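Below are the chains, spelled out letter by letter.
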Amino acid sequence: MISLGIGEASLTGLGVTLAGPAAYRIRQLAYLSRLPGLPHQLRVAAGWLSDLGRPLLPSPR
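The rules behind each value
- Residues numbered from 1 in each chain as written.
- Predicted model: local features only at pLDDT ≥ 70, side-chain atom pairs only at ≥ 80, totals over all residues.
- Heavy atoms only, no water.
- Helix = DSSP H or I, 4+ residues; strand = E, 2+ residues; numbered from the N terminus.
- Buried < 20%, exposed > 50% of the residue type's maximum accessible area, 1.4 Å probe, protein only.
- Contact = heavy atoms within 4.5 Å.
- Areas by Shrake-Rupley, 256 points an atom, 1.4 Å probe, with all protein chains shown as cover.
- Expected span 1.5 Å × (residues − 1).
- Arc of directions from axis to C-beta.

Participant: What's the story with the overall build of the protein in this structure? I'm lost.
Facilitator: What the protein contains, in helices and strands, is 2 helices and 3 strands. Counting from the amino terminus, helix and strand elements in the protein follow one another as β-β-β-α-α. Considering the protein as a whole, with its 61 residues, one finds that 21% of them fall into the buried category. Sequence separation of at least 24 residues holds for 17% of the intrachain contacts in the protein that already meet a minimum separation of 6. Roughly 4,900 Å² of accessible area belongs to the protein as shown, and the carbon and sulfur atoms make up 65% of that amount.

Participant: Explanation requested: helix α1 (residues 21-33) in the structure shown.
Facilitator: Note: α-helices contain 3.6 residues per turn, so residues at a spacing of three or four share the same orientation. Between its first and last C-alpha, α1 extends 19 Å over 13 residues, near the 18 Å set by a 1.5 Å rise per residue. Among the residues of α1, those classed as buried are Ala 23, Tyr 24, Gln 28, Ala 30 and Leu 32.

Participant: It is not clear to me how helix α2 (residues 38-51) should be interpreted in this structure. Could you clarify?
Facilitator: Between its terminal C-alpha atoms α2 stretches 20 Å, which fits the 20 Å expected from 14 residues at 1.5 Å a residue. Buried residues of α2: Gln 41, Val 44 and Ala 45, and no others. Buried residues of α2, seen end-on, are gathered within an arc of 100 degrees and therefore sit on one face of the element. Away from the buried face of α2 by more than 90 degrees, exposed residues Pro 39, Leu 42 and Arg 43 are located. Buried-residue contacts for α2 involve α1.

Structural measurements only, silent on function.
Shown next as structure tokens:
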């Protein structure tokens, strides 16, 4: 698994290769599962969910 920037990733496993936003979300889930304790996992997941509606980069003025 490797992150390729904001919202992009690539992962290869079990003979399957994924790239792009789907791989990024799977990478996030794998990372989330490795965090210690349910309260910490929920806090991080809530932060990620709150970021879904925000633009990734600020608008140029």
